[in-house]
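Architecture and fold: a report
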Amino acid sequence: MCEVVILCSHRRLAERTHELVLMEASIPAVDELFNLVDAIMHDTPYPCTIHLLIDSSVGLQPVGYCLTRIRALAKKYPRREAGRIAFVFQLRSPFVRMFDILMRQYGEVRFFEPSQRAEAVEWLLRG
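Scope of this entry: the structure provided in the associated data block. (Residues numbered from 1 in each chain as written. Predicted model: local features only at pLDDT ≥ 70, side-chain atom pairs only at ≥ 80, totals over all residues. Heavy atoms only, no water.)

**Some words on unusual backbone geometry**
Rules: By the criteria applied, helices consist of DSSP H or I runs no shorter than four residues and strands consist of E runs no shorter than two, each listed in order from the N terminus.
Cis rather than trans, the peptide bond between Y46 and P47 has omega equal to 0°. Relative to the assigned elements, P47 resides in the loop between α1 (27-43) and β3 (51-55).

Below you can see the structure in the form of structure tokens.
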């Protein structure tokens, strides 16, 4: 019997707002995240914007791999309007500033500590 392991959960918070929670810090978890985001982008008609809450409280994901997957999605959906992205993870990482700068081309980005999760959701829903 094969056990199914979910590495990234998804739920819709509002019509155009989605929550994605990573269950581990790994390349397979990042793949599952981006497969879900790809499906969301595919299913959301233009010109609707998409707002994402990406929770990686479990740890820092492989940054280089994330950037590769982000660029691939941007290339696949070149007409997609910039949305809002709230990242929830430990902000002590040295990569936060670099990630912040790189992500701004894909939408309005804010970073939140796990204790600020409610604020992250509120910020997304206001947008």
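Now that the structure is up, let's keep going.
**What about the nonpolar core?**
Applied cut-off: In these notes, a set of buried Ala, Val, Leu, Ile, Met, Phe, Trp, Tyr and Cys residues joined through side-chain atoms within 4.5 Å is what counts as a nonpolar core. Burial status follows relative accessibility: with a 1.4 Å probe on protein chains alone, a residue under 20% of its type maximum counts as buried, one over 50% as exposed, and anything between as partly exposed.
Grouped together as the largest cluster of nonpolar side chains are 28 residues, with contacts concentrated most on L20, L33, I54, F87 and F99. Put simply, the parts of the chain that give this core at least two residues each are β2 (17-22), α1, β3, α2 (63-76), β4 (83-88), α3 (96-103) and β5 (107-112). Counting residues per element, this core draws most heavily on α1, which supplies seven residues. Counting residues in hydrophobic clusters, the runner-up holds seven residues, among them V88, F112, A120 and W123.

**Description of the packing of α1 against α2**
Heads up, the rule is: Angular values range over 0 to 180 degrees, each being the angle between N-to-C directions of two axes fitted as lines to C-alpha atoms, with helices fitted over their stretch in contact. The scheme is simple: roughly parallel for angles under 35 degrees, roughly antiparallel for over 145, roughly perpendicular for 65 to 115, oblique for anything else. Handedness of a crossing is defined here by the sense of rotation of the near helix relative to the far one, left-handed for an anticlockwise turn of less than a right angle and right-handed for a clockwise turn. Only heavy atoms enter the contact rule, under which two residues are in contact if any of them lie within 4.5 Å.
Interaxial distance between α1 and α2 falls to 10 Å at its minimum, and their mutual angle equals 15°. Here α2 runs roughly parallel to α1, going by the angle between their axes. Judged by the sense of rotation from one axis to the other, the crossing of α1 with α2 is right-handed. Taking contact as the criterion, the partners of I27, V30, D31, F34, N35, V37, D38 and M41 in α1 are, on α2, Y65, C66, R69, I70, L73 and K76.

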